Amino acid sequence: MHETGLSEAIVAAAVRRAAGRRVTGLRVRIGGHPVNPDVVTQGIQVAAAGTVAADAAVDLVLEPMTVRCHDCGRSGPITDHLTMVACPQCGGVDIDVTGSDDVVLESVTVASVELGAV
């Protein structure tokens, strides 16, 4: 399952960045083919259980790739895996796919430590 591995890698990176501090929020930018945001969010929450990132708020920013068909001129976001190989409007395969397929952990918010706290 793609989302499980993705979620585990995000949590591992956040825990490393937190360096022992409690994580209260994560902002993750996901480009490329479609992912189910609910599945990714739940996967992050499951992977974070028992770590300093447990119960962290998750902010996902999804940036789907786009496809442009040379046959009919249709241009739009990729909505499923088939859209990456054939135009959903005319079925043509003379298409250009553009966009990033990067996953970026943009920010990790950690709990502040109050002065005088032990």
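Here the structure is shown first, and the text comes after it.
Residues numbered from 1 in each chain as written. Predicted model: local features only at pLDDT ≥ 70, side-chain atom pairs only at ≥ 80, totals over all residues. Heavy atoms only, no water.

Focus: unusual backbone geometry
Then, number 1: You will see that alanine 19, though not glycine, has its phi angle at about 50°, which is positive.
Then, number 2: Here alanine 19 shows up in the loop between helix H1 (2-18) and strand E1 (23-32).
Then, number 3: According to the relative accessible area criterion, alanine 19 is exposed, its value standing at 62%.
Then, number 4: The backbone phi angle of aspartate 55 is positive, close to 70°, even though this residue is not glycine.
Then, number 5: Mapped onto the elements, aspartate 55 comes out in the loop between helix H2 (37-48) and strand E2 (57-64).
Then, number 6: Classification of aspartate 55 as exposed rests on a relative accessible area of 81%. (Helix = DSSP H or I, 4+ residues; strand = E, 2+ residues; numbered from the N terminus. Buried < 20%, exposed > 50% of the residue type's maximum accessible area, 1.4 Å probe, protein only.)

Some remarks on the environment of serine 7
Then, number 1: In this structure, serine 7 sits in helix H1.
Then, number 2: On the accessibility criterion, serine 7 (1% relative accessible area) is buried.
Then, number 3: For serine 7 and cysteine 87, which are 80 residues apart along the polypeptide, the C-alpha to C-alpha distance reads 30 Å.
Then, number 4: When near neighbours in sequence (up to four residues on either side) are disregarded, serine 7 contacts Val40, Gly43, Ile44 and Ala47. (Contact = heavy atoms within 4.5 Å.)

Brief notes about H1
Then, number 1: For H1, built from 17 residues, the straight-helix expectation of 24 Å at 1.5 Å per residue is met to within 8% by its first-to-last C-alpha distance of 25 Å.
Then, number 2: Here H1 has its buried residues at Glu3, Leu6, Ser7, Ile10, Val11, Ala13, Ala14 and Ala18. Down the axis, H1 shows its buried residues gathered within 160° of arc, on one side only.
Then, number 3: If you follow the buried residues of H1, they end up packed against E1, H2 and strand E6 (103-110).
Then, number 4: Just past H1, the residue alanine 19 takes up positive phi, approximately 50°. (Expected span 1.5 Å × (residues − 1). Arc of directions from axis to C-beta.)

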